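Here are the chains, one letter per residue:
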Amino acid sequence: MALTGNEPLSVGNVAAALGVSISSGSTGNKPISAENLKTMMDVQAAERSKTARLEDMSWSQLKEISDATNADNLDQMVEKYKHLMWQRKDVHVVYPNGSDFYAICACIDMGKDVDENGKPVLFTFAMIYEHNHAQYANGSYSGGWDKSTMRTNLNGVEANYYKELTPYVTPVQKKNTPEFGSDTIDKYWIPSATEMCIPVNSGDYTDKVALGKPYSWFENYKARDPKNFDLYTNDNSVMTRSSYTKYSYISISNRGASSYCEDYDVNYPSILCFCV
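Predicted model, so just to flag it, every value in this text is computed and none were measured.

**Quick look at the layout of surface pockets**
Here the idea is plain: a probe the size of a water molecule rolls over the atoms and shows the empty space left.
At step 1: In this model, the second largest pocket occupies a volume close to 170 Å³.
At step 2: Along its surface, the second largest pocket is lined by Lys112, Asp113, Val114, Gln173, Lys174, Lys175, Glu195, Gly212, Lys213 and Arg241.
At step 3: Sorting the residues of the lining of the second largest pocket by element identifies strand S2 (100-114) and strand S4 (172-174) as the ones contributing at least two each.
At step 4: Sorting elements by how many residues they give to the lining of the second largest pocket places S2 first, with 3 residues.
At step 5: Broken down by class, the residue content of the lining of the second largest pocket amounts to 1 nonpolar, 2 polar and 7 charged.

If you want it as structure tokens, here you go:
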């Protein structure tokens, strides 16, 4: 239906302009009300959301959607946007020397994390590239993830590497191995063994208590494989924020096996995660 610009705001022509259908019992020339205008716009937004792709959405848009999520509507929001799960999106990374590149991210799950006030955060992402080989604690001392050098750097100076992304990142609660540090509130973190879908108490080198919730993306062992992040690495494992002893962390192999590493012996690559 083509509008001339001087036609009345009726149910029929507003519906046509928005590209939504009206019920068979509606009168097409009935004046539009604020209530059914909102309904039509909501229907239009819902239809658009079904075909939206992460690469076509801005971080600002994703943040707005996530901010509209709460405990009461979490299930509905997950259902509405579940088609975005596991889709990929670029993040602009700029280093202090001016060099830059675009790192691909994946939406690894929805509704699994909460902010510092306990409000659900809809989108959890992982950066699909080898973050670095930085030491977990930069020496022989470790206070777990809470006191780790990696956590300090990720949430401090390294957050500036992602300056176009960071304003839209929501700090979330992260569980940590109880005897080796406190729980934290982080913008950026690396997954725990639990979050990487290694069952609690399933072996010697696993979490004794659940540190967060398993992210569905890691159920496929290939998602753990550093070779999927950086084709030039020969590593077969990634580090987690789970501590095994005061001086070591749990690492996860690309086949799902878990072991532990002394911080000053091995520096595995890590998978950088964040929420929007």
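**Describing the packing of aromatic side chains**
At step 1: Counted according to the given criterion, the structure contains 12 aromatic pairs.
At step 2: The interplanar angle of 65° and the centroid separation of 6.0 Å between the aromatic rings of Tyr188 and Phe274 together place this pair among those described as edge-to-face. One end of the pair, Tyr188, is in the loop between strand S5 (184-186) and strand S6 (237-245); the other, Phe274, is in strand S9 (residues 273-275), with 86 residues separating them in the sequence. The pair Tyr188 / Phe274 is uniform in exposure class, with both members buried.
At step 3: Between Tyr205 and Tyr244, the ring centres sit 4.9 Å apart and the planes meet at 75°, which makes this aromatic pair edge-to-face. Of the two residues, Tyr205 is situated in the loop between S5 and S6 and Tyr244 in strand S6; the sequence distance between them amounts to 39 residues.

**Some details on the sheet that holds S2**
At step 1: Strands sit in the order S1-S2-S3-S9 across an open sheet of 4 strands; the sheet is antiparallel. Bordering the open sheet on either side are strand S1 (88-94) and S9, each of which pairs with just one other strand. Taken pair by pair, the neighbouring strands of this sheet meet at an average axis angle of 40°, ignoring direction.
At step 2: Sheet topology places S1 next to S2; 7 bridges connect them, and they run antiparallel.

**Observations regarding the environment of Ile185**
At step 1: Turning to its location among the elements, Ile185 is positioned in strand S5.
At step 2: Considered as a pair, Ile185 and Asp146 are 39 residues apart in the sequence and their alpha carbons are 9.5 Å apart.

**A few points about the pattern of salt bridges**
At step 1: The tally for this structure, following the rule as stated, stands at 11 salt bridges.
At step 2: For Lys63, the salt bridge is made with Asp67, and the minimal N-O distance between the two is 3.6 Å. You can see Lys63 and its partner Asp67 sitting in helix H3 (residues 59-67), 4 residues apart, about one turn around the helix.
At step 3: Notably, a salt bridge pairs Asp183 with Lys175, separated by 3.3 Å at the nearest N-O pair.
At step 4: Linked by salt bridges that have partners in common, Asp113, Lys174, Glu195 and Arg241 make up one network.

**Focus: the state of the cysteines**
A disulfide bridge is the covalent bond that connects two cysteines by way of their sulfur atoms.
At step 1: Applying the stated criterion across every chain yields a total of 0 disulfides.
At step 2: With no disulfide of its own, Cys273 lies 8.3 Å from the sulfur of Cys275, the closest cysteine sulfur.
At step 3: A residue is classified by how much of its surface remains accessible, and Cys273, at 0% relative accessible area, is buried.
At step 4: Taking relative accessible area as the criterion, Cys275 reaches 0% and is therefore assigned buried.

**Thoughts on the confidence of the model for the chain**
At step 1: Averaged over all residues, the pLDDT of the chain is 80; the fraction at 70 or higher stands at 67%.
At step 2: Considering each helix and strand of the chain separately, the mean pLDDT is smallest for helix H2 (residues 34-51), with a value of 63, and largest for S4, with 98.
At step 3: Confidence drops under pLDDT 50 across residues 229-234; counting only partners more than four residues distant or on other chains, this segment forms 13 contacts.

Reading guide: rules and limits
Residues numbered from 1 in each chain as written. Predicted model: local features only at pLDDT ≥ 70, side-chain atom pairs only at ≥ 80, totals over all residues. Heavy atoms only, no water. 1 Å grid on protein atoms, 1.4 Å probe; cavity = no way out; pocket = protein on both sides within 12 Å on 5 of 7 lines; lining within 4 Å. Points joined across faces, edges and corners; volume = space filled by probe spheres on them. Helix = DSSP H or I, 4+ residues; strand = E, 2+ residues; numbered from the N terminus. Nonpolar A, V, L, I, M, F, W, Y, C, P; charged D, E, K, R; others polar. Phe/Tyr/Trp six-rings, centres within 6.5 Å; stacked < 30°, edge-to-face > 60°. Buried < 20%, exposed > 50% of the residue type's maximum accessible area, 1.4 Å probe, protein only. Pairing = 2+ DSSP bridges. Axes fitted to C-alpha atoms, helices over the stretch in contact; angles between N-to-C directions. Salt bridge = Lys/Arg side-chain N within 4 Å of Asp/Glu carboxyl O. Disulfide = S-S within 2.5 Å. pLDDT = per-residue confidence, 0-100. Contact = heavy atoms within 4.5 Å.

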